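# Geometric and topological summary
If you want the building blocks of each chain, they are given just below.
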Amino acid sequence: MAAAAATANGDARGGGVPRPTNPMVTPLLTDLYQFTMAYAYWKAGKHLDRAVFDLYFRKNPFGGEFTIFGGLEECIRFIANFKITEQDINFLRSVMPTCEDGFFEYLSSIDCSDVEVYAIPEGYVVFPKVPLMRIEGPVAVVQLLETPFLSLVNYASLVTTNAARHRLVAGKSKNLLEFGLRRAQGPDGGISASRYSYMGGFDATSNVAAGRLFGIPIRGTHSHAFVSSFMGIDEIIDKTLTSSDGSNKCEDFVSLVQSWLTRIQDISSLLGTFGETSQSELAAFTSYALAFPNSFLALVDTYDVMRSGVPNFCAVALALNDLGYKAVGIRLDSGDLAYLSVETRKFFQAIEKEFGIVGFGKMNITASNDLNEETIDALNKQRLMMALKAATGNPCLLNSCFAKSTTRGCAEPGTDGQGCGHEVDAFGIGTYLVTCYAQAALGCVFKLVEINKQPRIKLSEDVTKVSIPCKKKCYRLYGKEGYPLVDIMTGEDEPGPKVGERLLCRHPFIESKRAHVVPQQVEELLKCYWPGNSFKPREELPSLHEIRTCCMRHLDRMRPDHMRRLNPTPYKVSVSAKLYDFIHFLWLNEAPVGELQ
C-alpha cells in the first residue's frame, strides 16, 4: 500500500525516499518571512553559516503529561525532494521585486544535501523541551524548512496524542473506529487524521482514500438514508441467496427472514419488548444482507432501537445463520447508548438461549454519535460501578456512577441497576478526534541553538519560553522496574549516562529541583534520519503499522500515573549539571543589565 502511495506521488529525488503524501507540500508552503530572512542572510553573506535548530514543544496537550511524536516521515520526504522550481522562482520574483537576481539564482540551486536531521523515532512518547528533531545545515536553507516542518509535525503529533488518549481510556479490548472524514478540516485534515489516529491506536477508519494510501483497515456499513429509502418488503426483487459453502440456494430469503421474525416474537422472555416492527426497515436490512451476507452489520436506530431495529436485525441475522453466514453486529448512533447497549445484549442473549445459536449473545455492538474521551470514560466508570455492585452486593456503590451526555445514569438502590454499565464493543469516533476539539494546536517551535559552533539562547520574561542552547544529546533513563524515570539533555561533547552509574539530573531553570539517578537502562533518543552529505548511517523509515506497534509498546512501558486522564504525574525532563551551568552562564552573558536612576 505504501509503495502504491509512493508511485502515485511520483518518483523520489532523494535516495529512494518518496515525495510527500500531499503534493501541496512544496518549498513554497512556508511563511513569507522565511524567504525574506533567506535574502537578508544571502545579502549579508551569512547564508552558508552552519546552524543548528531544535524543534520541540513547551507543554503537553489536553491537560495531560505525555505527547506522541508524529509527522517525521513526511518531514524526511519533504527534504529528500526539496527543490525550488522555475515556476516557484518566477512567483517569488513577483512578490520580492527588489531582491537581486543573484539571490534567485541561489534559490534555484539549493537542495537539502548539506542538511542533517536527527530525530526521536516516530510514535515515541515524548515530553516538553526535549527536541523532537535537531536540524543542522546552512542557516538560510534550514530556515526555509521551519514552517513546513512545524506544519507537518504539529497536527500529526496532536491528533496521534488524541487518539492515544482515547485508546488508553477505552482499554485494549475495545475496537476504536475513526469516523471523522466528513467533520475534518478539509481533505488534508481528513487524510492526516485517519493516518495518525491509526498510529495512535485506532483499529480502522471509514476513510477509503486513507485505506488505499496507508494500508489502514477500512470499515463501514450504511446510513439512516439507506434504511429510510425503502418503503416496504415488496421492493426486494432478487430474493435468492446462496449458502456460504455454495452447497444450496435459498430461493426466498425474504420469507426466511419473516419466519424468523415471527419466531422471535413468540419468545416468552421477550414478550412485551416489541410488537410490529418497521417493515421498511426490515426490507432495508434484508436487502443489505443480500448484498453483504459475510459482513452484515446494521444501523438500528432509524426508527426505534428496541421495538424495531434490534428485532429486525436478529431476524435477518438468524436467516443468514441458516445459510452458514455469521452477522457482524449492530451500530447505535443515537439515544442512551449505555442503556440501549445493555438491553440489546440481553436481547441477543435471549436469542442464543432460545435457539441454541452459539455466540449470538456476544454479537458485536458498536456505538457512535459525537463520542469523545470524556464520554467513553464515563461509560467505563458506569460499567466498573456495575461490576463492583455485582461483586459486593452493595447497591450504594451505584450512587457514584457518572451520568454524562450519552449515558442513562444509575438506577436507584434496590433496582436491578440496568441503567449502569454498558455492553459496547467498539466505538466510532469522529468530530472530537479529528478536530482535536479539546485543544486547537500543540504549539511546536523551531529555535536556533547554535551557529558556527557558537551556542545561542532565546530569552524571555516567561521562563517557559527560554530555549536550551547548543547542540545536545538526549537520553531516556529507565529504573529497575522498567519504567522511564527521566529524560536528560547533555551537551554534544559530554560523555553519555551509563547503566549503574549515579548522575545528577537538574531542572533546566529551577535551581532547587534536582535528583540523583542510577539508571538501569539508558536509551539515546535522537537518531540520524537524514545524514545529507555526511555519510553517517541513516535510520530506515518504518511502515505505519510498525510505528503503530512502537507507539502501543511505548504507551505500555510508561508508568501508569504519568498516563492517567485526571491529575497525571508530570514526567521529569532534565539537563546535566554541566549543561545547567552553561545555560545560566549564557543567560547572564546575553541578558542586558538594567540601570536604576
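Quick caveat, the model's predicted, so the values are computed rather than measured.

What follows is about helix 5 (residues 101–109). Buried residues of helix 5: F103, F104, Y106 and L107, and no others. On an axial view of helix 5, the arc spanned by its buried residues comes to 155°, and they lie on one face. Along helix 5, the residues that are exposed and aim more than 90 degrees away from the buried face are E105 and S109. Summarising the contacts, the buried residues of helix 5 are in contact with helix 2 (32–43), helix 4 (86–95) and helix 6 (139–170).

The next subject is the pattern of salt bridges. With the rule as written, the count across this model stands at 30 salt bridges. Across the pair D203 and R167 runs a salt bridge, and its minimum N-O distance is 2.7 Å. In this pair, D203 sits in the loop between helix 7 (186–199) and strand 7 (204–205) while R167 sits in helix 6, placing the two residues 36 residues apart along the sequence. In this structure R167 comes out as buried when scored by relative accessible area, which is 8%. Linked through salt bridges whose partners overlap, the residues forming this network are R165, E373, D377, K381 and R565.

This part covers the environment of N162. Tracing the chain through its elements places N162 in helix 6. Look at N162 and you get buried, because its relative accessible area is 3%. For the pair N162 and Y196, spaced 34 residues apart in sequence, the C-alpha to C-alpha distance is 9.4 Å. In contact with N162, not counting residues within four places along its chain, are F62, Y432, L433 and C436.

Moving on: the sheet that holds strand 6 (residues 175–178). Taking strand neighbours across the sheet as the criterion, the 6 strands line up as 7-6-13-12-11-10 in an open arrangement whose pairing is parallel. The sheet is open, and its two edges are formed by strand 7 and strand 10 (297–299), each paired on a single side.

Okay, the pairing of strand 12 (residues 364–367) next. Where burial is concerned, the two faces of strand 12 agree: the one with N364 and T366 and the one with I365 and A367 are both buried. Looking at chain direction, strand 11 (residues 329–332) and strand 12 are connected through 4 bridges and run parallel. Pairing of I330 across the sheet is with I365, part of strand 12. Considered for its hand, the β-α-β crossover made up of strand 11, helix 13 (residues 337–355) and strand 12 is right-handed. Sheet topology note: the strand 12/strand 13 (residues 426–429) ladder contains 2 bridges and is parallel. When the bridges of strand 13 are listed, A367 appears paired with F427.

The rules behind these values
- Residues numbered from 1 in each chain as written.
- Predicted model: local features only at pLDDT ≥ 70, side-chain atom pairs only at ≥ 80, totals over all residues.
- Heavy atoms only, no water.
- Buried < 20%, exposed > 50% of the residue type's maximum accessible area, 1.4 Å probe, protein only.
- Helix = DSSP H or I, 4+ residues; strand = E, 2+ residues; numbered from the N terminus.
- Arc of directions from axis to C-beta.
- Contact = heavy atoms within 4.5 Å.
- Salt bridge = Lys/Arg side-chain N within 4 Å of Asp/Glu carboxyl O.
- Pairing = 2+ DSSP bridges.
- Right-handed = clockwise from strand over helix to strand, strands pointing away.

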